[in-house]
Amino acid sequence: MSDKTISSYECNRTVPDINMLFKISNILDINLYNLIDNNFNSLDNLEIEVKLKVNISDFNRIKGIIKNQNSNITKIKQIDKYYIPKYRNFNYEWLRVRNEENKCILTYKKKIINNCCKEYEVLIDNVNSFETILKCLDFQNKGIITKTREKIMYNDKYEFSFDNVDNMGNFVEIEVKKIAKDNESEIKELIELLKSLKIDINLIESKRYFDYL
């Protein structure tokens, strides 16, 4: 293809069609989804985060602290459906189908230690068929959680998510987006970050949204 076409891709003026995306992903030897969505790039499928359950006053106070450092805010609506199998216990595991911005993502998580999970994600292009497959495999819908989320990056490492969750209240999630150390060290640094920002660590919530269902 021409240099002009490549430059147009690189400058986000145009987007390759699906056939070209497949060719590019094959040449670069990376997953197609990683090519088109940076959210699917992760280190060893590891998720390290803490969740705070807060009142509206603390919610706005913490958001104000983080916004002072970075005014770039992403606001999205998320609808999460959680599933559990009928044939075995599903303790410390989560299976979720998330709909956000006309994109559906299947996520499986398994708790390793407190505030640390293994996480695997794939995009779903046919949700109805996928939900039918889950039903055939004896998975049942445990419930739906709807929330509005505002995301702000802090220090180019931590992602703060400010969640207003229907019928549940206000939460703040802080996730380590660039993991460079072992799990316990990263968690310790995360807790120290909260203290340095004068955020009460007693607000840390052990439950995940699934647990509220």
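In the block above lies the structure referred to throughout.
Everything quoted here is computed from the prediction, not taken from an experiment.

1. Some points on the nonpolar core
No. 1: Within the largest apolar cluster, 26 residues are counted, with the highest numbers of intra-cluster contacts made by Leu 52, Ile 66, Tyr 158, Phe 160, Phe 162, Val 172 and Ile 174.
No. 2: Listing elements by their share of this core, those giving two or more residues are β1 (46–54), α4 (56–67), β6 (139–154), β7 (158–165), β8 (169–176) and α6 (183–196).
No. 3: One finds Trp 94, Val 97, Cys 104 and Phe 139 within the second-largest nonpolar core, a separate group that totals 20 residues.

2. Digging into the pairing of strand β5 (residues 116–124)
No. 1: In terms of strand pairing, β1 meets β5 through 3 bridges, oriented antiparallel. Along β5, the bridge assignment pairs Ile 48 with Cys 116.
No. 2: Bridge analysis of strand β4 (residues 103–113) against β5 gives 9 bridges, and the strand direction is antiparallel. Paired with Thr 107 across the strands is Glu 121, a residue of β5.
No. 3: Hairpin geometry of β4 and β5 is characterised by an intervening segment of 2 residues between the two adjacent antiparallel strands and by a positive phi of about 70° at Asn 115.

3. Overview of the packing of aromatic side chains
No. 1: This model, assessed by the stated rule, comprises 9 aromatic pairs.
No. 2: Relative to Phe 162, the ring of Phe 59 lies with its centre 5.8 Å away and its plane at 90°, an arrangement referred to as edge-to-face. Of the two residues, Phe 59 is situated in helix α4 and Phe 162 in strand β7; the sequence distance between them amounts to 103 residues. The same class applies to Phe 59 as to Phe 162, namely buried.
No. 3: Members of the aromatic cluster, connected to one another through ring pairs, are Phe 59, Tyr 154, Phe 160 and Phe 162.
No. 4: It is Lys 51 that lies over the ring of Tyr 209; its NZ or CZ is 3.5 Å from the centre.
No. 5: The ring of Trp 94 has Arg 208 sitting right over it, with the charged end atom 4.9 Å from the ring centre.

4. Some details on the pairing of β8
No. 1: Of all the 8 residues making up β8, 7 are buried; the element is thus mostly covered by neighbouring parts of the structure.
No. 2: Looking at chain direction, β1 and β8 are connected through 6 bridges and run antiparallel. From the neighbouring strand, Val 50 faces β8, where its bridge partner is Ile 174.
No. 3: Taken together, the 8 bridges between β7 and β8 define a ladder with antiparallel strand orientation. Within the sheet, the bridge partner assigned to Tyr 158 lies in β8 and is Val 176.
No. 4: Counted between consecutive antiparallel strands, the loop separating β7 from β8 contains 3 residues, among which Asn 167 sits at a positive phi close to 65°.

5. Focus: the layout of surface pockets
No. 1: As a volume, the second largest pocket reaches approximately 310 Å³.
No. 2: For the second largest pocket, the lining is made up of 21 residues, of which Lys 111, Ser 206, Lys 207, Arg 208 and Asp 211 are closest to its centre.
No. 3: Counting only elements with at least two residues in the lining of the second largest pocket, the list comes to β1, β3 (93–100), β4, β5 and α7 (209–212).
No. 4: Top contributing element to the lining of the second largest pocket by residue count: β1, with 3 residues.

6. Description of the sheet that holds β3
No. 1: Around the barrel, which closes on itself, the 8 strands sit in the order β1-β5-β4-β3-β2-β6-β7-β8 with antiparallel pairing between neighbours. Strand-to-strand twist of the sheet, defined as the mean angle between neighbouring strand axes without regard to direction, takes the value 35°.
No. 2: The pairing of strand β2 (residues 74–85) with β3 spans 6 bridges and is antiparallel. When the bridges of β3 are listed, Tyr 82 appears paired with Arg 96.
No. 3: Taken strand by strand, α4 contacts β1, β6, β7 and β8, and its axis lies near 150° from that of β7.
No. 4: The sheet contacts of α6 involve β1, β4, β5, β6, β7 and β8, and relative to β1 the element is tilted by about 30°.

Definitions and limits used
Residues numbered from 1 in each chain as written. Predicted model: local features only at pLDDT ≥ 70, side-chain atom pairs only at ≥ 80, totals over all residues. Heavy atoms only, no water. Core = buried A, V, L, I, M, F, W, Y, C linked by side-chain atoms within 4.5 Å. Buried < 20%, exposed > 50% of the residue type's maximum accessible area, 1.4 Å probe, protein only. Helix = DSSP H or I, 4+ residues; strand = E, 2+ residues; numbered from the N terminus. Pairing = 2+ DSSP bridges. Phe/Tyr/Trp six-rings, centres within 6.5 Å; stacked < 30°, edge-to-face > 60°. Lys NZ or Arg CZ within 6 Å of the ring centre and 35° of its normal. 1 Å grid on protein atoms, 1.4 Å probe; cavity = no way out; pocket = protein on both sides within 12 Å on 5 of 7 lines; lining within 4 Å. Points joined across faces, edges and corners; volume = space filled by probe spheres on them. Axes fitted to C-alpha atoms, helices over the stretch in contact; angles between N-to-C directions. Contact = heavy atoms within 4.5 Å.

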